[in-house]
Amino acid sequence: METELKELAISLFEINAVKFGYFVTKVGLKTPVYIDLRVIIAYPKIFSRLSNTLWKLSDNNQKIDQLCGVPYTALPIASLISVESNIPMVIRRKEAKSYGTKKMIEGEYKKGDNCVIIEDVITSGSSILETVKDLTQEGLNVTEALVIMDREQGGKKNIENAGIKVKSLYTLTKLMNYLFEADKITLETIENVTQYIKECSAPLITLNKESSHDRLKMNYASRSKFTMNQLAANLFELMEKKETNLCLAADMTKTNDIIELAELAGPHIVILKIHVDIIDDFYKEFPCTLKELALKHEFLIMEDRKFGDIGNTVALQYSKGLYKISEWADLVTVHPVSGPGVLDGVREALKSTSKDRGIFLITEMSSKGALTTGNYIKESLSLSAQSDLVVGHVCQSNIFNDLGLIQLTPGVKLETSTDNLGQQYNTPESVVNNGADIVVVGRGITEAPDQLKAILEYKTQLWTAYKKRIA
Ligand code: 5BU
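Here the residue numbering is sequential within each chain, running from 1 through the sequence in written order. At least 70 in pLDDT is required for a residue's local features to be given in this predicted model, at least 80 for side-chain atom pairs to be given and counted, and no such filter applies to totals for whole chains, interfaces and linings, which use all residues. Processing note: side-chain calculations cover all non-hydrogen atoms of the structure and skip hydrogens and water entirely.

1. Re the confidence of the model for the protein
Part 1: Counting all residues, the mean pLDDT for the protein is 91, and 94% of those residues have values of 70 or more.
Part 2: Values of pLDDT, the confidence the predictor places in each residue, fall between 0 and 100. Residue contacts are defined here by distance: any two heavy atoms, one from each residue, within 4.5 Å place the two residues in contact. The low-confidence segment residues 208-212 (pLDDT under 50) makes 13 contacts with residues lying over four places distant or belonging to another chain.

2. Description of the environment of V337
Part 1: Mapped onto the elements, V337 comes out in the loop between strand 12 (331-334) and helix 13 (341-349).
Part 2: Residue contacts for V337: discarding those within four places in its chain leaves G308 and Y376. A run of H or I in DSSP counts as a helix once it spans at least four residues, and a run of E counts as a strand once it spans at least two, with each numbered from the N terminus.

3. A look at the packing of aromatic side chains
Part 1: When the centres of two rings from Phe, Tyr and Trp lie within 6.5 Å, Trp using its six-membered ring, the rings pair. Their planes under 30 degrees apart give stacked, over 60 give edge-to-face, and anything left gives tilted. One pass over the structure, following the stated rule, counts 11 aromatic pairs.
Part 2: By way of ring pairs, the aromatic residues Y220, F236, W463 and Y466 are connected into one cluster.
Part 3: Note that R215 overlies the ring of F400, its terminal NZ or CZ placed 4.2 Å from the centroid. Distance and angle both matter: a charge sits over a ring if NZ of Lys or CZ of Arg is within 6 Å of the ring centre and within 35 degrees of the ring normal.

4. Some points on the site of the ligand
Part 1: In this text, near means that some heavy atom of the residue lies within 4 Å of the molecule or strand in question. The immediate surroundings of the ligand are formed by 17 residues, with D251, K273, S366, Y425 and R443 found nearest.
Part 2: Any pair of nitrogen or oxygen atoms within 3.5 Å is treated as a polar contact; in protein, a donor-acceptor pairing is required on top of that, and neighbouring residues in sequence qualify only through side-chain atoms on both sides. At 2.7 Å from an oxygen atom of the ligand is found a main-chain nitrogen or oxygen belonging to R443.
Part 3: Note that accessible areas follow from Shrake-Rupley with a 1.4 Å probe, and for residues the cover is restricted to the protein chains shown. Alone, the ligand offers 490 Å² of accessible surface; in the complex the protein occludes 91% of this.
Part 4: Broken down by secondary-structure element, the contributors of at least two residues to the shell around the ligand are strand 11 (300-307) and strand 18 (438-441).
Part 5: Of the residues belonging to the shell around the ligand, the class tally is eight nonpolar, four polar and five charged. We call Asp, Glu, Lys and Arg charged. Ala, Val, Leu, Ile, Met, Phe, Trp, Tyr, Cys and Pro are nonpolar, and the rest, Gly among them, are polar.

5. What about the layout of surface pockets?
Where empty space is left becomes clear once a probe the size of a water molecule has been rolled over the atoms.
Part 1: Of the voids in this model, the second largest pocket is the one considered here, and its volume is about 940 Å³.
Part 2: Two kinds of site are reported from a 1 Å grid over the protein atoms alone, namely cavities, where a 1.4 Å probe fits but cannot get out, and pockets, open sets with protein on both sides within 12 Å along at least five of seven lines, and residues are called lining when an atom falls within 4 Å of a point. Every residue lining the second largest pocket is counted, 36 residues in all, and those nearest its centre are N141, R347, S387, D388 and L389.
Part 3: Counting residues per element, the ones that place at least two in the lining of the second largest pocket are strand 7 (141-150), helix 9 (230-242) and helix 13.
Part 4: Looking at the lining of the second largest pocket residue by residue, the classes come out as 10 nonpolar, 14 polar and 12 charged. Grid points are joined across faces, edges and corners, and a volume is the space filled by probe spheres set on the points.

6. Quick word on the sheet that holds strand 6 (residues 114-122)
Part 1: Judged by pairing direction, the sheet is mixed, and its six strands sit side by side in the order 5-4-3-6-7-8 without closing on themselves. Of all the strands in the sheet, the pair left with one neighbour each is strand 5 (105-106) and strand 8 (165-171).
Part 2: Along the sheet, helix 4 (residues 126-137) makes contact with strand 3 (66-69), strand 4 (89-92), strand 5, strand 6 and strand 7, crossing strand 6 at roughly 160°. Criterion used throughout: strands pair if DSSP finds at least two bridges between them. The angle between two axes is taken between their N-to-C directions and runs from 0 to 180 degrees, where each axis is a line fitted to C-alpha atoms and a helix contributes only its stretch in contact.

7. Points about helix 11 (residues 286-297)
Part 1: Taking 1.5 Å of rise per residue, the 12 residues of helix 11 would be expected to cover 16 Å, and the 17 Å separating its terminal C-alpha atoms lies within 8% of that figure.
Part 2: Type-normalised accessible area, obtained with a 1.4 Å probe on protein chains alone, sets the label of each residue: buried when under 20%, exposed when over 50%, and partly exposed for intermediate values. Residues F286, P287, L290, L293, A294 and H297 constitute the buried set of helix 11. The arc that holds every buried residue of helix 11, seen down its axis, measures 120°, which confines them to one face. Turned more than 90 degrees away from the buried face of helix 11, the exposed residues are E292, L295 and K296.
Part 3: Elements that come into contact with the buried residues of helix 11 comprise helix 9, helix 10 (255-265), strand 10 (271-274) and strand 11.
Part 4: Phi turns positive one or two residues past the end of helix 11, at E298, with a value near 60°. To estimate how far a helix should extend, the number of its residues minus one is multiplied by 1.5 Å. The arc in question is the one traced by the directions running from the helix axis out to the C-beta atoms.

Structure (structure tokens):
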């Protein structure tokens, strides 16, 4: 690989794909280095060798279903790799078609397909991020980006912040070192360019999966086609069908009380959320009884387990022990605090089941003084792009615009208030206006003198607020 890279670096220099000197870019910026890989199509041997070498960076352990070249320079490279590797390719349009289907992505693919992006040069990373946005919106799962040249101006970090792995054949520094060794450039050139890289870093860009659509303005049924997870799609459709976006937090300690309340609330909720570890009289068949009610009344069951350990422990906590949560809970909550391994742990535990399962990432908590702020929120949002297990985020405000993800918001009562242990309550209308797609209500219902009346009150207020929001 090393020899290959050295020889290719020299070839690229000789065909003027890389030039050093004084240049002014399209947007009027001065630069001591100019990279134009478009010229490679005029040199089939170099073109083919470069594409083959780039493909060697791909992850052999990962199933790859699709390739996507970022238009235009990387398109022929991706095509060549597609033909050689026999992996289908998709093409991202620069603009949506004005006739027929308004598809941004051409090709034959299905939701959940793993897709590798091919790109020639990264500067700020914005072209790749735009491509990720469109691919993700079509339900594709972008696993990594293979890049010929990283200009080391911050683009790699921007892309990695969005949860996408980046592998490059060359950094500018590495390329210059090869060329220096081959006596093609001087030390002075290297110093100039290095100084330039230091001074001209690209702005920080965050992946904004915003389309021209606003999440808050789109109805649930339409959003179901943007999901990466089947349960997220089911939830969107269920909400529209049952005309409810209420999740009941049945935080009770006796199984009979939970069953009774689930029977009462079943027709009016989309999720029944429990904390199985607070139940005093748990018995093995209890989850089956809940499951029967869930089927009868059409709601999903969430275990608010808040997993937050290393992947291996989470895999065990999820599938083993007294509760065997993975066998009955459609949805679980997960703290992203331990990093992406926690998602791998959940996936590991699901290897032996074919049931649909989903995760809500706890991105922002409702309690006073919660440490879920700033960068933590940003990192948690970027994790959802990495896994089709993620159904949405538990959060308090409108912090993402991915149409296929669900905002689940707890901390809701008819009046703004607090409890004496840090919980903070907002009203149904205000949380829906702040982006809540599904709203968690616990004590507002469980402690009400007339539970059914309370269920109906919350259901109506939440649905009315949603209808107003999308109007
Ligand atoms: P409450 O009785 O409406 O306060 O219950 C809220 C439920 O939501 C309860 O089960 C909490 O564990 C859960 N919750 C929360 O209140 N705030 C959060 O940030 C998260 C979960 Br995450």
